[in-house]
Structures are given as C-alpha cells and as structure tokens.
Amino acid sequence: MTAQKLDGTATLKTIKAELADRVEKLKAAGVTPGLGTVLVGDDPGSRWYVNAKHKDCAEIGIESIRVDLPGTSTQEEVEAEIGRLNADPACTGFLVQQPTGLDEFALLSRVAPEKDVDGLHPHNLGKLVLGEDGPLPCTPVGCIELLRRHGVEINGAEVVVVGRGLTVGRPLGLLLTRRSENATVTLCHTGTRDLAAHTRNADIVVAAAGVPGIITKDMVKPGAALLDVGVSRVDGKIAGDLADDVWDVAGWVSPNPGGVGPMTRAMLLSNIVLSAEQALERL
Ligand SMILES: Nc1nc(=O)c2c([nH]1)NC[C@@H]1CN(c3ccc(C(=O)N[C@@H](CCC(=O)O)C(=O)O)cc3)C=[N+]21
C-alpha cells in the first residue's frame with residue numbers, strides 16, 4: 001500500500017484563485033489589501049519565506065510593503081517600524097518574520113491586534129482560548145484546511161500532535177478541540193514517555209517536533225493521515241519529521257516540502273483578505 005498525498009502546493013493554487021475574486025471585490029469597494037512584512041537580518045530561510053509571501057500577494061492583487069532591517073537593529077528600532085505599520089492605512093495587515101534574535105513577545109505585542117495576520121498576537125491567542133472570532137495562526141489552520149479539502153475526517157478522530165511549540169503544536173491543540181473540529185487530541189512532547197504508544201493509536205498524526213525522521217513506519221496505524229510540519233536542515237536540504245518508509249503504512253501523507261508550508265502561505269493570504277474585509281466594514 002502506498003499513501004495518497006495531501007498536496008499543499010496544489011491546494012495553495014486553488015485557494016489563491018478563490019481569494020483573487022475577493023480581492024477584486026474589495027478593490028471595487030475602495031479597499032486595497034496591503035501586506036507589510038518586517039524582516040530582521042539576512043537569514044536565508046527567513047528571506048525565502050518573506051519573498052514567497054510577497055510573490056503570493058502580487059499574484060492575487062494584494063499590495064506589498066516590505067521593511068528589511070539589518071541584523072544589527074535594536075529592539076527599539078524594530079518596534080518603531082511596527083509603530084509605523086500600525087499607523088499606515090495602506091498596510092491592512094502585517095507580520096514580523098521570526099526569528100529576529102530580539103524579544104519576540106515584546107515585538108508581537110506591539111502589533112495592532114486587528115492587523116495581526118499571523119494570528120500570533122497575545123490578544124488573538126487569548127481569543128482562540130476563549131473561543132472568540134479573530135485571526136487564527138496560519139500553520140495550524142493550514143493543517144486543518146489541508147485535511148478538510150482532501151476529505152480526511154477530523155470529527156471524532158484521535159489526533160496526536162507531536163510538539164508543543166507556540167506557532168504549531170499549542171494552538172493546533174486548541175483548534176482541533178473546538179466544537180467545529182471535535183477531535184480528541186493528545187499533545188506529545190519531549191516529556192512524553194512512550195511516543196509510539198500514542199501515535200499507533202492515532203487516526204491523524206501532526207509531526208511538528210523538528211526532529212528528522214522521528215516518526216517511523218512501525219509507529220503508524222494503517223490508513224492514518226500523517227502531516228509533516230517539521231523543518232530541519234540536513235546537508236543543506238529540508239528534512240521533515242517523517243521517515244520515508246511511512247508511505248507504506250499510512251493512508252494519507254502531507255510531505256515536507258510540498259505540504260503544510262504552502263498551506264501556511266495560503267492561510268496568511270486568507271487572513272490578509274479577511275482583515276481587509278473587516279477594515280471595509282469599519283469604514
Ligand atoms: N512571523 C512568522 N510567520 C510565519 O509564517 C513564519 C515565520 N514567522 N517564521 C518561519 C516559518 C516557516 N514558514 C514557512 C512558510 C512557507 C514554507 C513553504 O512554502 N515551503 C515550501 C518550499 C520549501 C523549500 O523548498 O525551501 C514547501 O514546503 O513546499 C515553509 C515554511 C513560515 N513561517
């Protein structure tokens with residue numbers, strides 16, 4: 001048996017076409033969505049992500065406001081740029097690309113919550129905990145959207161999330177346990193005694209540990225859906241958390257690259273369009 005692919009690259013394309021229509025309607029109503037990014041330093045990975053995000057935006061008619069700062073920038077200098085983007089009406093939403101090497105909690109807290117298109121502002125994470133509407137974190141929602149669009153049942157599923165990071169594991173646990181998703185979630189982490197005992201029981205495994213090949217074939221329930229969110233570099237190449245042999249046992253696999261990465265970008269675009277639509281309602 002070989003698993004079917006949960007194709008994030010193809011899904012990104014579909015979502016872009018859907019969003020392009022909404023961008024056109026916004027412009028007709030007098031609001032042009034504009035994404036701002038703040039990039040600090042010259043980490044090649046971060047540079048690639050920011051470039052990709054602006055290219056995505058250009059494709060569907062979203063304007064770009066790019067702020068690239070030297071790696072020597074101080075906390076105060078970066079906070080000043082955040083203040084400028086908060087005040088700039090052409091910027092309907094923006095993000096601070098991580099990592100910056102600075103106090104990220106302080107930076108994130110400075111972003112106007114209604115312009116937080118990453119959904120990572122403490123105010124918006126608080127709303128997620130409370131079950132209030134607000135922008136949602138892109139990578140975890142991307143995981144859910146990828147499963148939905150391929151017809152993988154989430155309602156009632158046993159889901160194991162591996163990793164308790166602030167951008168993926170933690171918020172994903174919160175999202176999946178909402179009434180609208182209705183999954184039973186086990187959040188595993190470095191303190192988990194027997195990871196395989198949990199994953200073997202799971203209908204869906206989201207691997208976001210950042211440990212190359214940590215999920216192997218013997219740890220997978222036949223037919224399960226596996227999402228690779230781990231990003232490590234081994235010999236300059238991207239290595240995910242899934243071992244190559246999992247395809248023999250799983251029913252669905254979201255590879256890395258080509259899975260959740262493009263979905264993260266799709267959900268960012270979706271958050272940008274949503275925040276512009278809400279800005280229009282406030283006019
Ligand atoms: N404030 C902030 N927001 C983010 O959204 C954010 C961040 N910081 N820091 C870093 C992570 C990482 N991230 C990815 C986005 C796209 C791909 C992606 O599209 N990857 C492609 C190609 C990868 C390649 O070939 O290099 C793929 O998986 O097919 C991956 C990873 C967003 N992040």
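Residues numbered from 1 in each chain as written. Predicted model: local features only at pLDDT ≥ 70, side-chain atom pairs only at ≥ 80, totals over all residues.

> Residues and numbers for the overall build of the protein, please.
Each helix and strand counted, the protein has nine helices and eleven strands in total. Radius of gyration (C-alpha) of the protein: 19 Å, near the 19 Å computed for a compact globule of 283 residues. Its C-alpha atoms give the protein principal-axis dimensions of roughly 55 × 40 × 35 Å. Across the protein, every contact between residues at least 6 apart in sequence was considered, and the portion connecting residues at least 24 apart equals 69%. (Helix = DSSP H or I, 4+ residues; strand = E, 2+ residues; numbered from the N terminus. Rg over C-alpha atoms; globule rule 2.2 N^0.38 Å. Contact = placed C-beta atoms within 7 Å.)

> Give me the sheet that holds strand S11 (residues 252-254): which residues, what numbers.
Spatial strand order, S1-S11-S8-S7-S5-S6: six strands in an open sheet with parallel pairing. This sheet does not close on itself; its edge strands, each paired only once, are strand S1 (4-5) and strand S6 (184-188). Across four bridges, the pairing between strand S5 (residues 158-162) and strand S7 (residues 204-207) is parallel. The residue bridging Val 162 from the neighbouring strand is Ala 207, located in S7. (Pairing = 2+ DSSP bridges.)

> Quick rundown of the domain arrangement of the protein? Include the residues and the values.
On domain assignment, one finds that the protein holds domain 1 (29-112) and domain 2 (138-262). Relative placement of domain 1 and domain 2: their C-alpha centres are 28 Å apart. (Domains from an automatic or database assignment.)

> Run through the environment of Asp 42, naming residues and quoting values.
With respect to the helices and strands, Asp 42 occurs in the loop between strand S2 (34-40) and helix H2 (44-59). According to the C-beta neighbour criterion, Asp 42 is exposed, with 10 such atoms within 10 Å. Put simply, Asp 42 and Val 67 are 25 residues apart on the chain and 13 Å apart in space, counted from C-alpha to C-alpha. In contact with Asp 42, other than residues within four places in its own chain, are Arg 47 and Gly 71. (Buried ≥ 20, exposed ≤ 12 C-beta atoms within 10 Å, placed from the backbone.)

> A description of the UniProt feature "binding site: NADP(+)" (unreviewed entry) in the protein should follow, citing residues and the corresponding values.
As recorded in UniProt, the feature "binding site: NADP(+)" (unreviewed entry) lies at Gly 163, Arg 164, Gly 165 and Val 231. As for its position among the elements, Gly 163 is in the loop between S5 and helix H7 (169-176). Overall, Gly 163 belongs to the buried group, with 23 C-beta atoms counted inside 10 Å. Beyond its immediate sequence surroundings of up to four residues, Gly 163 is in contact with Val 168, Gly 169, His 189, Ala 208 and Ala 209. Turning to its location among the elements, Gly 165 is positioned in the loop between S5 and H7. Excluding anything up to four places from it in sequence, Gly 165 contacts Arg 170 and Ala 208. (UniProt positions renumbered as here; feature names shortened; annotations may be inferred.)

> Talk me through H7; I want residue IDs and the actual numbers.
Counting buried residues along H7, six of its eight residues qualify, which places the element largely inside the surrounding structure. Every buried residue of H7 is accounted for by Gly 169, Arg 170, Pro 171, Leu 172, Leu 175 and Leu 176. On its buried side, H7 packs onto helix H5 (122-130), helix H6 (138-149), S5, S6 and S7.

> I'd love a proper account of the UniProt feature "domain: Tetrahydrofolate dehydrogenase/cyclohydrolase catalytic" (unreviewed entry) in the protein, names of residues and values included.
When the UniProt feature table is mapped onto this chain, "domain: Tetrahydrofolate dehydrogenase/cyclohydrolase catalytic" (unreviewed entry) is found at residues 6-118. Along residues 6-118, the helical share is 50% and the strand share 16%, with 23 Å between the first and last C-alpha atoms.

> If you had to explain the sheet that holds S2 to someone new, which residues and values would you point to?
Pairing is parallel in the open sheet, where three strands are placed in the order S3-S2-S4. Every other strand in the sheet has two partners, leaving strand S3 (63-69) and strand S4 (93-96) as the edge strands with one partner each. Geometrically, the sheet is characterised by an average inter-axis angle of 15° between neighbouring strands, direction not taken into account. Where S2 and S4 come together, four bridges link them in parallel fashion. In the sheet register, Leu 35 faces S4, and the bridge partner there is Gly 93. (Axes fitted to C-alpha atoms, helices over the stretch in contact; angles between N-to-C directions.)

> Tell me about the nonpolar core, and name the residues and values.
Counting 76 residues, the largest nonpolar core has Val 205, Val 206, Ala 207, Leu 226 and Ala 250 as its most contacted members. The residue makeup of this core includes at least three contributed by each of domain 1 (29-112) and domain 2 (138-262). In this structure, Val 206 is in contact with Cys 143, Val 159, Val 161, Val 162, Leu 172, Leu 227 and Val 229, ignoring residues within four places of it in sequence. (Core = buried A, V, L, I, M, F, W, Y, C linked by C-beta atoms within 7 Å.)

> I'd like a rundown of the packing of H6 against helix H9 (residues 260-282), residues and numbers included.
Closest axis-to-axis distance for the H6/H9 pair is 8 Å, and the angle between their directions is 110°. The angle between H6 and H9 places the two elements in the roughly perpendicular class. Contacts between H6 and H9 involve Cys 138, Thr 139, Val 141, Gly 142, Cys 143, Glu 145 and Leu 146 from the first element and Val 260, Met 263, Thr 264, Ala 266, Met 267, Leu 268 and Asn 271 from the second. Looking at the contact of H6 with H9, its residues break down into nine nonpolar, four polar and one charged. (Parallel < 35°, antiparallel > 145°, perpendicular 65-115°, else oblique. Nonpolar A, V, L, I, M, F, W, Y, C, P; charged D, E, K, R; others polar.)

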